[in-house]
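# Structural description and commentary
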Amino acid sequence: MDAISLRHQTDFHLKSTFWLSVTAATLILPFAYYHLTHEHGGIGIGAVITSLSLYFVAWACHRKTYKTIYTFIWLTPFTTLFVAYLTNLVGITGTYWCYSTLILYYFMMSERQAWVSNIIFALVNVPLVWHLFETHEAIRFTVTFSLVSAYSAIFLHIIALQYSELHKQAITDKLTNLYNRTLLKDSLEQAIHQANRTNTAFTLIIMDVDHFKKINDELGHEIGDQVLMQLGIFLKGFLRSSDKIFRIGGEEFLILLYNTDEASSIDIAEEIRKGIEDLSLIPDRTVTVSIGVAGLSSVRDWKQWMNVCDKSLYEAKNLGRNRVVACEG
């Protein structure tokens, strides 16, 4: 998964964790207040610590500094021991908190951390229940506890898979299976930021299929689509996994080359142009492309960078097409 896709998934997790933490912390507060003022002070203190911990998690999510490992290291042992203490003190009603705690783990941590937390929680609390209660009560608890844990794991796993698939569909061009324009701005801004911070070289390549309208008009859109699909396959096979390839228009493609200066990018662009010219995309007809190249030097705005590369592409077309033209950004 690339860094930008990972960031989108992280944002989704931060938002869900934020609202879950705020809701849980707010609902626990009255319980904490009641025990502090009317019942058992130890339970009240434990509930207050739990509520404050959840508010801290929500605050960290709001600031986008939340790390699941902090919750794993702190909340897992604390909530495990607190629920055990509660169960030992008040009896069977203390086990009711087990279920919400399990669900909390799955929403606030990674899947692996949640599994480990649940195992730790079960190793402490299940034997305690069997020690404190009658056999039939212990069996009921063990079965329901196992079901809630399994259901939560399956449900969250399915949600994660579906979110990943939906996000992939949102950023992918269906015809070529390349990136669409959705991640373009973020990708270029990230490249500029990384270039400023680490002096890493980045280069843009914009490629346009020559006389593509004529292909569609004379041979039909199905043939045109086949050409675009084959170009997508060629580009993905030719370029590195660290490079990003976008379909940004009907017959227009953009390539962001990672850690590649303009001089090397011109050679790569020429290899792409020649490789496409040598492909047998349409019987008895040669498909060619015009290519513009723009390195990243003085340019510090993604739109300006795109404009510089577009000018190179237009010059390649004006000079007769099927050629590479470079302009330094």
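Here we summarise the structure given alongside this text. (Residues numbered from 1 in each chain as written. Predicted model: local features only at pLDDT ≥ 70, side-chain atom pairs only at ≥ 80, totals over all residues. Heavy atoms only, no water.)

## Re the overall build of the chain
On a plain count of helices and strands, the chain comes out with eleven helices and five strands. The C-alpha atoms of the chain give 29 Å as radius of gyration, which overshoots the globular expectation for 329 residues (20 Å, by more than 25%). For the chain, the spread of C-alpha atoms along the principal axes amounts to about 85 × 40 × 25 Å. Looking at the chain residue by residue over its 329 residues, the buried ones come to 44%. For the chain, the distance from the average position of its 27 positive side-chain charges to the average position of its 31 negative side-chain charges is 4 Å. (Helix = DSSP H or I, 4+ residues; strand = E, 2+ residues; numbered from the N terminus. Rg over C-alpha atoms; globule rule 2.2 N^0.38 Å. Buried < 20%, exposed > 50% of the residue type's maximum accessible area, 1.4 Å probe, protein only. Lys, Arg positive; Asp, Glu negative; His and termini not counted. Charge placed at Lys NZ, Arg CZ, Asp CG, Glu CD.)

## Here's the deal with the packing of aromatic side chains
Tallied over the full model, the rule gives 13 aromatic pairs. Taken together, a centroid distance of 6.3 Å and an interplanar angle of 50° make the contact between Tyr-99 and Phe-141 tilted. Remark: Phe-141 occurs in helix H6 (residues 135-171) and Tyr-99 occurs in helix H4 (residues 96-108); sequence separation between them is 42 residues. Assessed through its relative accessible area of 3%, Phe-141 is described here as buried. With a centroid separation of 5.9 Å and an interplanar angle of 10°, the aromatic rings of Phe-121 and Phe-145 are classed as stacked. Note that Phe-121 is positioned in helix H5 (residues 111-132) and Phe-145 in helix H6, a separation of 24 residues in sequence. Residue Phe-121 shares its accessibility class with Phe-145, and that shared class is buried. Three or more aromatic residues joined by ring pairs make a cluster, and in this case those are Tyr-99, Tyr-105, Phe-121, Phe-141 and Phe-145. (Phe/Tyr/Trp six-rings, centres within 6.5 Å; stacked < 30°, edge-to-face > 60°.)

## Thoughts on the packing of H5 against H6
Relative orientation of the contacting elements H5 and H6 amounts to 175°, with a least axis distance of 11 Å. One element, H5, and the other, H6, form an angle in the roughly antiparallel class. In contact with Glu-111, Trp-115, Asn-118, Phe-121, Ala-122, Asn-125, Val-126, Val-129 and Trp-130 of H5, H6 contributes Thr-135, Ala-138, Ile-139, Phe-141, Thr-142, Phe-145, Ser-149, Ala-153, His-157 and Ala-160. Among the residues making up the contact of H5 with H6, the classes are represented as twelve nonpolar, six polar and one charged. (Axes fitted to C-alpha atoms, helices over the stretch in contact; angles between N-to-C directions. Parallel < 35°, antiparallel > 145°, perpendicular 65-115°, else oblique. Contact = heavy atoms within 4.5 Å. Nonpolar A, V, L, I, M, F, W, Y, C, P; charged D, E, K, R; others polar.)

## What about the side chain of Thr-17?
In this structure, Thr-17 sits in helix H1 (residues 3-37). Thr-17 gets classed as buried once you look at its relative accessible area, which sits at 0%. Ignoring any residue separated from it by four or fewer positions in sequence, one finds Thr-17 in contact with Val-57, Cys-61, Tyr-66, Phe-107 and Met-108.

## Overview of the pairing of strand S3 (residues 252-258)
Within S3, six of the seven residues are buried, which leaves it mostly tucked inside the rest of the structure. In the sheet, strand S2 (residues 244-247) pairs with S3 via four bridges, with the strands oriented antiparallel. Paired with Phe-246 across the bridge in S3 is Leu-254. Linking S2 to S3, which pair antiparallel, is a turn of four residues. (Pairing = 2+ DSSP bridges.)

## As for a nonpolar patch on the surface
Together, Trp-130, Ile-139, Val-143, Leu-147 and Tyr-151 make up an exposed nonpolar region whose accessible area comes to about 490 Å². When residues of the nonpolar patch are assigned to their parent elements, the largest contribution, four residues, is made by H6. Among the secondary structure elements, Ile-139 is positioned in helix H6. (Patch = residues over 30% accessible without salt bridge, like charges linked within 9 Å, V, L, I, M, F, W, Y side chains within 5 Å. Areas by Shrake-Rupley, 256 points an atom, 1.4 Å probe, with all protein chains shown as cover. Salt bridge = Lys/Arg side-chain N within 4 Å of Asp/Glu carboxyl O.)

## Side note on the environment of Gln-113
Mapped onto the elements, Gln-113 comes out in helix H5. Sequence spacing of Gln-113 and Phe-72 is 41 residues, and the spatial spacing of their C-alpha atoms is 6.6 Å.

## Quick word on the nonpolar core
Residues Met-207, Val-209, Leu-235, Phe-253, Ile-255, Ile-272 and Ile-291 are the most contacted members of the largest nonpolar core, which totals 25 residues. Of all the secondary-structure elements, those providing two or more residues to this core are strand S1 (202-209), helix H8 (212-219), helix H9 (221-238), S3, helix H10 (262-278) and strand S4 (289-295). The residues contacting Val-209, other than those within four sequence positions of it, are Leu-228, Leu-231, Glu-251, Phe-253, Val-287, Thr-288 and Val-289. (Core = buried A, V, L, I, M, F, W, Y, C linked by side-chain atoms within 4.5 Å.)

## Here we look at the pattern of salt bridges
This structure, assessed with the given rule, holds nine salt bridges. Residue Asp-173 pairs with Arg-247 through a salt bridge whose shortest N-O separation is 3.2 Å. Taken as a pair, Asp-173 in the loop between H6 and helix H7 (184-198) and Arg-247 in strand S2 lie far apart in primary sequence, 74 residues in all. Neither Asp-173 nor Arg-247 differs from the other in exposure class; each is buried. One salt bridge connects Lys-185 with Glu-189, and the closest N-O pair in it is separated by 3.1 Å. With Lys-185 and Glu-189 both in helix H7 and four residues apart, this pair spans about one turn of that helix. The exposure class assigned to Lys-185 is partly exposed, which follows from its relative accessible area of 38%.

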